[in-house]
Amino acid sequence: MIYAANFKTNHTRKSTELYLQELSLNIKAKNVDDKVYIFPPATAMDSYEGDFTIGTQNAYAAHHGAYTGEIGIEQLDEFGIKTILIGHSERREYLGESQEKVSQKFSFFQEEGFEIIYCIGEPLEIREKGFEAVMKYLLAQFDGIDINYDRLIVAYEPIWAIGTGRSATVEEISTTHRALKKAIDNKPLLYGGSAKPSNIKEITSIAGVDGVLVGSASLDAESFSEMILS
Ligand code: 13P
């Protein structure tokens, strides 16, 4: 299983350091096949040592240059970071990242050989229209994306389940993942959206779920460790 923690705009450099110390101790007991990823805010990036991979929540599609407020490959290279989240719904919605922008970013980081966790997800009004509408919406989020990229992991995160405490149901995750797995040629597929210690076992037991991308419940090292060790 893959357990990925997206800190979003939470934690500082200091608290990330303490978090990773605690996590490292706790996950000594994890299954050897399980992989742990942490996506801290950019200000907390560093060369941390441990049985986890540090990724970036975002970066600009450039090595360096005049892109005020952004970071590029040069800033990631300093810490050996070669994993990136692309297409998160919060960036699509709040930062105005269109499918065209997202796919350009994807192509750039693919060229650079990055491992990409590519996020897709539908809003509530689409989910309410039924499964066909959901799949149409989700598949459109692969426009311009090379699904054959061998360092691709997809994360399905229904927007209405993110940060709401209300995860998608087993049935919703199961049917959506089954259809997505076919569309992405069986690439690793994570579920995200209110995954937490109390529902992790249920979620990771669903066929077609290869792991989870966790926001709120990953912010506390103990809670995230509990999920990894569940
Ligand atoms: P929550 O776990 O807080 O619902 O967030 C999920 C998410 O957006 C991870 O990228």
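Residues numbered from 1 in each chain as written. Predicted model: local features only at pLDDT ≥ 70, side-chain atom pairs only at ≥ 80, totals over all residues. Heavy atoms only, no water.

Participant: Honestly, a negative patch on the surface in this entry has me stumped. Any pointers?
Facilitator: A contiguous patch of negative charge, built from Glu22, Asp220, Glu222 and Glu226, is present on the exposed surface. Take glutamate 222: it is sitting in helix 9 (residues 221-229). (Patch = residues over 30% accessible without salt bridge, like charges linked within 9 Å, V, L, I, M, F, W, Y side chains within 5 Å. Areas by Shrake-Rupley, 256 points an atom, 1.4 Å probe, with all protein chains shown as cover. Salt bridge = Lys/Arg side-chain N within 4 Å of Asp/Glu carboxyl O. Lys, Arg positive; Asp, Glu negative; His and termini not counted. Charge placed at Lys NZ, Arg CZ, Asp CG, Glu CD. Helix = DSSP H or I, 4+ residues; strand = E, 2+ residues; numbered from the N terminus.)

Participant: Mind showing me how you'd approach the site of the ligand here?
Facilitator: Around the ligand sit 13 residues, and of these Lys8, Gly163, Ser194, Gly215 and Ser216 come closest. In this structure, serine 216 approaches the ligand through a side-chain N or O atom, which is 2.5 Å from an oxygen atom. Taken by itself the ligand offers 310 Å² of open surface, and the protein chains cover 98% of this. (Near = heavy atom within 4 Å. Polar contact = N/O pair within 3.5 Å; in protein donor to acceptor, adjacent residues only side chain to side chain.)

Participant: Would you mind going over the pairing of strand 1 (residues 2-6) with me for this structure?
Facilitator: Working note: regular strand, side chains alternate between the two faces of the sheet. Strand 1 sits mainly inside the fold: 5 of its 5 residues count as buried. A two-sided burial pattern is seen for strand 1, the buried positions comprising Ile2, Ala4 and Asn6 on one face and Tyr3 and Ala5 on the other. Where strand 1 lies against strand 2 (residues 35-39), 5 bridges are found, and the strand directions are parallel. If you follow tyrosine 3 over to strand 2, its bridge partner there is valine 36. In this view, the connection linking strand 1 to its parallel neighbour strand 2 by way of helix 1 (residues 13-26) has right-handed handedness. Summarising the sheet, strand 1 and strand 8 (residues 211-214) pair through 4 bridges and their orientation is parallel. Looking across to strand 8, one finds that tyrosine 3 is bridged to valine 212. (Buried < 20%, exposed > 50% of the residue type's maximum accessible area, 1.4 Å probe, protein only. Pairing = 2+ DSSP bridges. Right-handed = clockwise from strand over helix to strand, strands pointing away.)

From the geometry alone we can't say anything about function, so treat these as descriptive.
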